[in-house]
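A closer look at the structure
What follows is each chain in one-letter form.
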Amino acid sequence: MKVYKTKKGIIIDNNSTFYLSKESDWDAFVNRSQLAKEISHELKQLTPDKNLATVIQTDLMTPIGNQEVWASGVTYMRSKQARMEESKSAGGGDFYAKVYEAQRPELFFKSPAYRVVGSGDPVRIRRDSKWNVPEPELTLFVATHGTIEGYTIGNDMSSRDIEGENPLYLPQAKSYDGAAAIGPCLFVPPQPIHPDTLIHIDISNHTENLFSGEISINRMKRKHTELVEYLFRETTFKFGTYLMTGTGIVPPDNFTLSEGDEIRITIDGIGTLVNTVTI
Ligand code: DO4
Ligand code: MG
């Protein structure tokens, strides 16, 4: 099942049959244990409505209420290599090699809900940065009790020159207006997402393709449950939380985003998150 937040309410897509939920509060709707079961139960009391198929195109909102967005780092070999390269001259390369092998994962706060954008919205690159990339990431929705209840597509926009200059600049490279995108929906499967699920990215300037990449989530070094366990150790999440799981796709070092570029991130079973770059 896919759940869309729209201006008309919460729409449930069950194998291309669409329903409008009786619950209009996003936090109350998503932040439940055994969410897939709960939604299946609710569907029995709802009437399908074909018109809702267009509403998810015309009235789509970012699938977030009061949730924070957290992120994991260096969870794929490609990410480790890219970070070591960009921070080499600053002597930071070693940090990334160590965190890739360490028991404790890298987790960082990415964004409060009010700063997160959805599919169709612009993402931004910093005006004080010259080297910017999108990071396409499977993003978990974790309910208050620490259970993974759903998945969405995340874009962890990053300024590689700022991050590479000094690892302590990570929050500036990762958290600024327009740096976090999620959407288009919350995917709520009855079982955990399939390990062979593919993440695909296309970046174009509308006339030509600039970069494409693909990776399977089974190339991730850590388990989703392991990331969640560390995140929830000493922190509570009243509304549940989103957790980006790290990138395994990094464009070549001579690539940087420019204003107007279109970023399309597709994850099997979830859909496509589309954003255009502004400054
Ligand atoms: O360590 C820096 C950030 C890493 C990251 O965002 C990623 O691997 O996706
Ligand atoms: Mg990332």
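Re the overall build of the protein
Assigned secondary structure in the protein consists of eight helices and 17 strands. The C-alpha atoms of the protein give a radius of gyration of 18 Å, which matches the 19 Å a tight globule of 279 residues would have. Based on the C-alpha atoms only, the size of the protein along its principal axes is roughly 60 × 45 × 30 Å. Sorting the 279 residues of the protein into buried and exposed places 56% on the buried side. Here the contacts in the protein between residues at least 6 apart in sequence split such that 73% fall between residues at least 24 apart. When the accessible area of the protein is evaluated, it comes to approximately 12,700 Å², of which 50% is carbon and sulfur surface.

Overview of the coordination of the magnesium ion (ligand 2)
Think of it this way: four donors in a tetrahedron around the metal ideally sit 109.5 degrees apart, and six in an octahedron ideally sit 90 or 180 degrees apart. At this site the magnesium ion (ligand 2) is bound by E135 (OE), E137 (OE) and D156 (OD), with donor distances of 2.0 to 2.1 Å. Sequence spacing of the donors to the magnesium ion (ligand 2): E-x1-E-x18-D.

A few points about unusual backbone geometry
Between G183 and P184 the backbone carries a cis peptide bond, its omega angle lying at 0°. For P184, the position within the fold is in strand β12 (residues 180-187). The residue S16 is not glycine, and still its phi comes out positive at about 70°. Note that S16 resides in the loop between β2 (9-14) and β3 (17-20).

Here we look at the pattern of salt bridges
With the rule as written, the count across this model stands at 18 salt bridges. A salt bridge links E135 to R83, with the nearest nitrogen and oxygen atoms 2.9 Å apart. Of this pair, E135 sits in the loop between β8 (132-133) and β9 (136-142) while R83 sits in helix α4 (residues 77-86), placing them 52 residues apart in sequence. For the pair E135 and R83, one class covers both residues: buried.

Some points on the site of ligand 1
Near ligand 1, the surroundings consist of 16 residues, among which V74, S79, E106, K174 and T247 are the closest. Here an oxygen atom of ligand 1 and a backbone polar atom of V74 are 2.8 Å apart. Between ligand 1 and the protein, one listed contact pairs an oxygen atom with a side-chain N or O atom of D156 at 3.0 Å. Protein burial of ligand 1: of its 280 Å² of free accessible surface, 100% is covered by the chains. Considering only residue class, the shell around ligand 1 consists of four nonpolar, five polar and seven charged.

Quick word on the side chain of N132
As for its placement among the helices and strands, N132 is situated in strand β8. For N132, the side chain forms a polar contact with the side chain of S129, separated by 3.1 Å. If sequence neighbours within four positions are ignored, N132 has contacts with I125, R126, S158, S159, F255, T256 and L257.

Brief notes about helix α8 (residues 224-232)
For α8, the full list of buried residues reads H224, L227, V228, Y230, L231 and F232. Packing partners of the buried residues in α8 comprise β4 (68-73), β5 (106-111), β9, β10 (148-156) and β15 (241-244).

Basis of the calculations
- Residues numbered from 1 in each chain as written.
- Chains lettered and ligands numbered in written order.
- Predicted model: local features only at pLDDT ≥ 70, side-chain atom pairs only at ≥ 80, totals over all residues.
- Heavy atoms only, no water.
- Helix = DSSP H or I, 4+ residues; strand = E, 2+ residues; numbered from the N terminus.
- Rg over C-alpha atoms; globule rule 2.2 N^0.38 Å.
- Buried < 20%, exposed > 50% of the residue type's maximum accessible area, 1.4 Å probe, protein only.
- Contact = heavy atoms within 4.5 Å.
- Areas by Shrake-Rupley, 256 points an atom, 1.4 Å probe, with all protein chains shown as cover.
- Donors = N, O, S within 2.8 Å, 3.2 Å for Na, K, Ca; no water.
- Salt bridge = Lys/Arg side-chain N within 4 Å of Asp/Glu carboxyl O.
- Near = heavy atom within 4 Å.
- Polar contact = N/O pair within 3.5 Å; in protein donor to acceptor, adjacent residues only side chain to side chain.
- Nonpolar A, V, L, I, M, F, W, Y, C, P; charged D, E, K, R; others polar.

Fair warning: the whole summary comes from geometry, so function is off the table for now.
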